[in-house]
Amino acid sequence: MVRLTLPAVQVADSFAPTPAGRLVVPGFALPAREVEIDELLVAKLLQAAKDAAERAYAPFSQFRVGAAVIMDNDPKNTIFTGANVENSSYGGTICAERTALTSAASAGFHRLRYLAVSVRDALHSPLCDRSPCGLCRQFMRQFCDPNAGNPSLIFVQDGAPDTMAQVFDIERLLPWGFHFNK
Ligand SMILES: [Zn+2]
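Summary of the structure given here. These numbers come from a predicted model, not from an experiment.

A word on the overall build of the protein. What the protein contains, in helices and strands, is four helices and 11 strands. Each of the three principal axes of the protein carries a C-alpha extent, and together these read 55 × 45 × 40 Å. Expressed as a percentage of the 182 residues in the protein, the buried residues total 40%. In the protein, 66% of the contacts between residues at least 6 apart in sequence involve partners at least 24 apart. Separation of charge centres in the protein, based on 17 positive and 18 negative side chains, amounts to 4 Å.

What follows concerns the sheet that holds strand E11 (residues 165–169). Strand order in this open sheet of five strands is E8-E7-E9-E10-E11, and the pairing throughout is mixed. Strands at the two margins of the open sheet, each flanked by one partner only, are strand E8 (80–83) and E11. Pairs of neighbouring strands in the sheet enclose a mean axial angle of 20°, with direction left out of account. Relative to E8, strand E7 (residues 65–71) is paired through four bridges, and the arrangement is antiparallel. Each residue of the ladder has a partner; that of Ala 68, found in E8, is Thr 81. Where helix H2 (residues 96–106) meets the sheet, its contacts fall on E7, E8 and strand E9 (112–119), and the angle it forms with E7 comes to roughly 30°.

So, about the packing of aromatic side chains. For the coordinates displayed, the defined rule picks out five aromatic pairs. Here Tyr 114 and Phe 155 contribute two aromatic rings whose centre-to-centre distance is 5.4 Å and whose plane-to-plane angle is 85°, an arrangement assigned as edge-to-face. Here the residue Tyr 114 occupies a position in strand E9, and Phe 155 occupies one in strand E10 (residues 153–157), the gap between them amounting to 41 residues. Each member of the pair Tyr 114 and Phe 155 is classed as buried.

The subject of this paragraph is helix H3 (residues 134–141). The α-helix winds at 3.6 residues per turn, so residues separated by three or four positions along the chain end up facing the same way. Of all the residues in H3, the buried ones are Cys 136, Arg 137, Met 140 and Arg 141. The buried residues of H3 occupy an angular sector of 145° when the element is viewed end-on, so they sit on one face. Those residues of H3 hidden inside the fold are in contact with H2, E9, E10 and helix H4 (170–173).

With that settled, consider the coordination of the zinc ion. Listed as protein donors to the zinc ion are Cys 95 (SG), Cys 133 (SG) and Cys 136 (SG); their distances from the metal cover 2.2 to 2.4 Å. Motif for the zinc ion, donor spacing along one chain: C-x37-C-x2-C. Of this pair, Cys 95 sits in the loop between E8 and H2 while Cys 136 sits in helix H3, and the two are 41 residues apart along the sequence. By relative accessible area, which is 1% here, Cys 136 ends up buried.

The next point concerns the nonpolar core. A general tendency of soluble globular proteins is for nonpolar side chains to be buried together. Among the nonpolar cores identified, the biggest contains 25 residues, and Val 69, Met 71, Leu 101, Leu 112, Leu 115 and Met 140 are the most heavily contacted of them. Elements with a minimum of two residues in this core: E7, H2, E9, H3, E10 and H4. Residues Leu 45, Ala 48, Ala 49 and Ala 116 belong to the second largest nonpolar core, which totals 15 residues.

Parameters and conventions
Residues numbered from 1 in each chain as written. Predicted model: local features only at pLDDT ≥ 70, side-chain atom pairs only at ≥ 80, totals over all residues. Heavy atoms only, no water. Helix = DSSP H or I, 4+ residues; strand = E, 2+ residues; numbered from the N terminus. Buried < 20%, exposed > 50% of the residue type's maximum accessible area, 1.4 Å probe, protein only. Contact = heavy atoms within 4.5 Å. Lys, Arg positive; Asp, Glu negative; His and termini not counted. Charge placed at Lys NZ, Arg CZ, Asp CG, Glu CD. Pairing = 2+ DSSP bridges. Axes fitted to C-alpha atoms, helices over the stretch in contact; angles between N-to-C directions. Phe/Tyr/Trp six-rings, centres within 6.5 Å; stacked < 30°, edge-to-face > 60°. Arc of directions from axis to C-beta. Donors = N, O, S within 2.8 Å, 3.2 Å for Na, K, Ca; no water. Core = buried A, V, L, I, M, F, W, Y, C linked by side-chain atoms within 4.5 Å.

Below, the structure written as structure tokens:
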């Protein structure tokens, strides 16, 4: 196990008065968060994500992505994997992250522990070329509990020789993520 601090974020509100009312840029505050990470499990997940990318069906983009997840309430630590699957009707395409999470949710698990994503064709590219799309971030948000003591963590594989992955909790990956409280 390794310990890591997710850094605090502190941004104040800012306002601009207009005749029609104020324009508001909402501030944002996240406390620093200590997390304990099972690095062997994460390495295994990243490898599973990388392997899954080999099975991507991406005839249009040739952009192959794999994902692997472990859910929090699964005593067997089952690894669910997924890859991006494209469609002639482009809107029918689904990303690797959602394929893996859909598989886990379909098996009855609804709280994410770790998600690893491996972008086979951009492993050595900047983070913005490898990180989950907005739709997937919102999809992940559904399975994350921001108030839990052990937060769900997302790992984005990095091809740099001395780096394993970038790590996020959902608040840092998706500020102001929508959540329906019924
Ligand atoms: Zn996506």
